[in-house]
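Given next are the chains, with one letter for each unit.
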Amino acid sequence: ATPADITTAINGIEIGGRNLLRNSLVVTDRTYPSSGYVDMLNRVSTIPLIEDEYVLSFEAKSTISGDRINCYFYNPNTTTRGESSLGGITTYVDGNISLVITNEWKKYWIKYTQSDTTTVKYVIVGRLFAGAGSGTVSIRNVQLEAGNKATDWTPAPEDVQAEIDNAAAIAADAQAK
């Protein structure tokens, strides 16, 4: 690669850094159902998603290596493409992409491209379909952010504000007694 190619590649990286999902630090462990499916995490974005690119990242593991989970970026169904850290590609409008996870904590990401929208969107991380695995799946540090580069997990600003408001209410209640 030439220096110009490297510069172009570096300039093409878009980093968001603001988590757009509330309550996404720890998700309860789940087992695969005997029929149908169960979702590990189902959230709506905290703000309208008006950018072209978003990256969803999370850490996951199962008690059995090779179990499969599905993730979605939908409603509205404006997703045009998704690419996972495992090399999977999707063009489903709901962003459905499957990942095979290991029995050790590992960070996974999915870069999503979408057509124009001015609304919030829904995200599912870890849809477990009957027959897609047999272990117990754990997911943590889920983050959705604008751009195409996954960053380290941070709480959504709305989560931080909720903690501040809660602490203020507790202090006011204690002072009133």
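Just so it is clear, the structure is predicted and the values come from calculations on it, not from any experiment.

Caption draft 1: Broad picture of the packing of aromatic side chains. Counted by the stated rule, this structure contains 5 aromatic pairs. Taken together, the ring pairs in this structure connect Y54, F73 and Y112 into an aromatic cluster. Geometry around W109 places K111 over its ring, the cationic atom sitting 4.8 Å from the centre. Seen from the ring of F73, K121 lies directly overhead, with NZ or CZ sitting 4.0 Å from the centre.

Caption draft 2: Structural detail: the environment of T63. Structurally, T63 can be placed in the loop between β3 (53–62) and β4 (68–74). Between the C-alpha atoms of T63 and V137, which are 74 residues apart in sequence, the distance is 6.7 Å. The contact partners of T63, leaving out residues within four places of it in the chain, are N103, G135 and T136. A distance of 2.9 Å separates a polar atom in the side chain of T63 from the backbone nitrogen of T136.

Caption draft 3: Inspection of the sheet that holds strand β7 (residues 97–100) at higher detail. Pairing is antiparallel in the open sheet, where 4 strands are placed in the order β2-β9-β4-β7. Since the sheet does not close on itself, it has two edges, and those belong to β2 (37–44) and β7, each with one partner. Between one strand and the next, the sheet's axes are offset by a mean angle of 20°, whatever the strand orientation. The pairing of β4 with β7 spans 4 bridges and is classified as antiparallel. Along β7, the bridge assignment pairs I69 with L99.

Caption draft 4: How the structure looks around the sheet that holds strand β8 (residues 106–114). The 6 strands are arranged β1-β10-β3-β8-β5-β6 in an open sheet whose pairing can be described as antiparallel. The open sheet has two edge strands, β1 (26–31) and β6 (89–90), and neither has a second partner.

Caption draft 5: Representation of the side chain of S24. With respect to the helices and strands, the residue S24 is situated in the loop between α1 (3–11) and β1. You can call S24 buried: its relative accessible area is 1%. A distance of 2.8 Å separates the side chain of S24 from the backbone oxygen of V142, its partner in a polar contact. Residues within four places of S24 in sequence aside, it is in contact with N19, L41, R140, N141, V142 and W153.

Cut-offs applied
- Residues numbered from 1 in each chain as written.
- Predicted model: local features only at pLDDT ≥ 70, side-chain atom pairs only at ≥ 80, totals over all residues.
- Heavy atoms only, no water.
- Phe/Tyr/Trp six-rings, centres within 6.5 Å; stacked < 30°, edge-to-face > 60°.
- Lys NZ or Arg CZ within 6 Å of the ring centre and 35° of its normal.
- Helix = DSSP H or I, 4+ residues; strand = E, 2+ residues; numbered from the N terminus.
- Contact = heavy atoms within 4.5 Å.
- Polar contact = N/O pair within 3.5 Å; in protein donor to acceptor, adjacent residues only side chain to side chain.
- Pairing = 2+ DSSP bridges.
- Axes fitted to C-alpha atoms, helices over the stretch in contact; angles between N-to-C directions.
- Buried < 20%, exposed > 50% of the residue type's maximum accessible area, 1.4 Å probe, protein only.

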